[in-house]
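Here is how the chains run, residue by residue.
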Amino acid sequence: MTTAIIAILIFALLVSVHEFGHFITAKLSGMYVEEFSIGMGPQLVSKRVGETRYTLRALPLGGYVRVLGEDIGEEERSGIEPVQVPEHRRYQNRPVWQRMIFAAAGSIMNMLTAVVIFSVMFMVLGVAVPIENPDTTISALVEEGPAYNAGVEPGDKFIAIDGTPVETWEEMNAIIMEASTEDVLTVTVERESENAEAEVFDVQIQPMMSEDGSRVLLGIYGQTAERQAVNPIKAIGLGALNTWETTVMMADVLGDLFTGQINIMDEEEGLTGPVVIVQIIDESAKAGWVYVFNLAALLSINLGVINILPIPALDGCKLVFLMYEALRGKPVAPEKEGMLNMIGFMLLMGLIVVVTYKDIMRLFF
């Protein structure tokens, strides 16, 4: 239940941010905004403020901003009473450049949201800075590994191996690399205690060989980096850089999907639907809130990238039509644009159904 609530909140937030981008640019450019809706399907709550109706609908997987004149003929088809407003406030009568900003604003807001989330995470958590020569404190262990089975715990510090003192990870690793898997190492361990002096004791550890046979291992990890605080300006810069690098990576993956280098239905690298996304949110919530916020930023970037693609029914296709209008001097025929968007929408819905079916079969069968 908790996972479902978190998933709904994340989806609702990202959709709200996306649609707010369209909404605020429409308002600033003087367009007449008839409705700002969060969610799709049956209406739950609706309130008119000024000329705009704000609506909350049952399905939190979408939303929309309805601008007067954006869909020519909508009033006649839906039976809505025509609104008497100045002609210059209708969507089709605004300058092309304003309509282009309106179309791109949703994706831009998703990118800015990712920058904000990443920036806050950097300000709160700091950044990881490599430690040049870490000491022998154990930060993590391989479960059921040699050191784990010998009773070593995270936070323990190795101070000697077979009587040879070690102070750095490099010194310790040199001794381990010279050992044999047939040897049993006597490791002197120092364990801190909150209520008493540090405890020093010996443990017997038999090394194991790595899977590729190239290294001798004890199944231990050291602290190779430490967190350092950053000021807000640097955090914003790092947030923007992280957003850009993630966007480029997602664009590369999408390119591989469209060119066939990655199979869309591949279980590991292919497309995933809401079912798997909810599962990932569940795993992130169990790992900690940091992972939930990081996932929200990644999903926001994903939503922004997907929507800016030149696919019918998405914002990117609308941008293509507007670029064509700017070059040609007149818009594409509304019936042709509407037909193409309808076909695109049906294909997208079909793809979502297929991907969701694939995800369900993978998870439950």
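Cut-offs and rules
- Residues numbered from 1 in each chain as written.
- Predicted model: local features only at pLDDT ≥ 70, side-chain atom pairs only at ≥ 80, totals over all residues.
- Heavy atoms only, no water.
- pLDDT = per-residue confidence, 0-100.
- Contact = heavy atoms within 4.5 Å.
- Pairing = 2+ DSSP bridges.
- Helix = DSSP H or I, 4+ residues; strand = E, 2+ residues; numbered from the N terminus.
- Axes fitted to C-alpha atoms, helices over the stretch in contact; angles between N-to-C directions.
- Parallel < 35°, antiparallel > 145°, perpendicular 65-115°, else oblique.
- Left-handed = near helix turned anticlockwise from the far one by under 90°.
- Buried < 20%, exposed > 50% of the residue type's maximum accessible area, 1.4 Å probe, protein only.
- Arc of directions from axis to C-beta.
- Patch = residues over 30% accessible without salt bridge, like charges linked within 9 Å, V, L, I, M, F, W, Y side chains within 5 Å.
- Areas by Shrake-Rupley, 256 points an atom, 1.4 Å probe, with all protein chains shown as cover.
- Salt bridge = Lys/Arg side-chain N within 4 Å of Asp/Glu carboxyl O.
- Polar contact = N/O pair within 3.5 Å; in protein donor to acceptor, adjacent residues only side chain to side chain.
- Phe/Tyr/Trp six-rings, centres within 6.5 Å; stacked < 30°, edge-to-face > 60°.
- Expected span 1.5 Å × (residues − 1).
- Core = buried A, V, L, I, M, F, W, Y, C linked by side-chain atoms within 4.5 Å.

Draft legend 1. Representation of the confidence of the model for the chain in the model. Confidence in the prediction of the chain, expressed as mean pLDDT, is 83, and 84% of residues score 70 or more. Here residues 76-81 is modelled with pLDDT under 50, and outside its nearest four sequence neighbours on either side it reaches three contacts, counting other chains as well.

Draft legend 2. Structural context of the sheet that holds strand β8 (residues 199-205). As summarised here, the arrangement of the four strands in space is β6-β5-β7-β8, forming an open sheet in which the pairing is antiparallel. Here the strands that pair on one side only, and so sit at the sheet edges, are β6 (164-165) and β8. Across four bridges, the pairing between strand β5 (residues 157-161) and strand β7 (residues 185-191) is antiparallel. Paired with K157 across the strands is E190, a residue of β7. Helix α5 (residues 169-178) contacts β5 and β6 of the sheet and is inclined by roughly 50° relative to β5.

Draft legend 3. Summary view of the packing of helix α3 (residues 96-125) against helix α8 (residues 289-307). Closest axis-to-axis distance for the α3/α8 pair is 8 Å, and the angle between their directions is 160°. As summarised for this structure, α3 and α8 are arranged roughly antiparallel, according to the angle between their axes. Seen along the crossing, α3 lies across α8 with a hand that is left-handed. Together, S107, N110, M111, T113, A114, I117, F118, M121 and L125 of α3 and V290, F293, N294, A296, A297, L298, S300, I301, L303, G304, V305 and N307 of α8 make up the contact between the two elements.

Draft legend 4. Focus on α5. Residues of α5 that are buried include every one of W169, M172 and I176, and no others. Taken down its axis, α5 places every buried residue within 65° of arc, on the same side. Turned more than 90 degrees away from the buried face of α5, the exposed residues are E170 and E178. Among the structural elements, β4 (138-141), β5, β10 (216-217) and β11 (220-222) are those in contact with the buried residues of α5.

Draft legend 5. Fine view of a nonpolar patch on the surface. Taken together, V116, V120, M123, V124, L125, V290 and Y291 make up a surface patch of nonpolar side chains, about 610 Å² in accessible area. Going through the elements one at a time, α3 and α8 are the ones with two or more residues in the nonpolar patch. If one sorts the elements of the nonpolar patch by residue count, α3 sits on top with five residues. Note that V290 resides in helix α8.

Draft legend 6. The side chain of S300, seen in detail. For S300, the position within the fold is in helix α8. Take S300: its relative accessible area is 0%, and that puts it in the buried class. For S300, the side chain forms a polar contact with the main-chain oxygen of N110, separated by 2.7 Å. Apart from the residues lying within four places of it in its own chain, the contact partners of S300 are L14, N110, T113 and A114.

Draft legend 7. Just the packing of aromatic side chains, in detail. In this structure the tally under the stated criterion is six aromatic pairs. Considering the side-chain rings of F36 and Y54, the 6.2 Å spacing of their centres and the 70° angle between planes classify their relative orientation as edge-to-face. Of the two residues, F36 sits in strand β1 (residues 33-49) while Y54 sits in strand β2 (residues 52-67), which places them 18 residues apart along the sequence. Here a set of aromatic residues connected by ring pairs shows up, and it is made of F20, F23, F36 and Y54.

Draft legend 8. Just α8, in detail. The end-to-end C-alpha distance of α8, which contains 19 residues, comes to 27 Å, matching closely the 27 Å that a straight helix rising 1.5 Å per residue would cover. For α8, every residue scored as buried is listed here: V292, L295, A296, A297, L299, S300, I301, G304, V305 and N307.

Draft legend 9. A look at the side chain of D156. If you trace the backbone, D156 turns up in the loop between α4 (146-149) and β5. Residue D156 is classed as buried on the basis of its relative accessible area, which comes to 2%. Polar contacts involving the side chain of D156 include one to the main-chain amide nitrogen of E153, which spans 2.8 Å. Contact partners of D156, with chain neighbours within four places excluded, come to T136, T137, I138, G151, V189, E190 and R191.

Draft legend 10. Seen up close, the nonpolar core. Ranked by internal contacts, the top residues of the largest apolar core, which has 22 residues, are I10, F118, F122 and I301. Contributions of two or more residues to this core are made by α1 (2-28), α3, α6 (232-258) and α8. In terms of residues, this core owes the most to one element, α8, which gives seven residues. If you look at the next biggest cluster of nonpolar residues, it comprises 20 residues, including A147, W169, A179 and V187.

Draft legend 11. Structural detail: unusual backbone geometry. You will see that E144, though not glycine, has its phi angle at about 65°, which is positive. Assignment of secondary structure puts E144 in the loop between β4 and α4. Positive phi is not limited to glycine here, since D162 has a value of about 50°. Take D162: it is sitting in the loop between β5 and β6.

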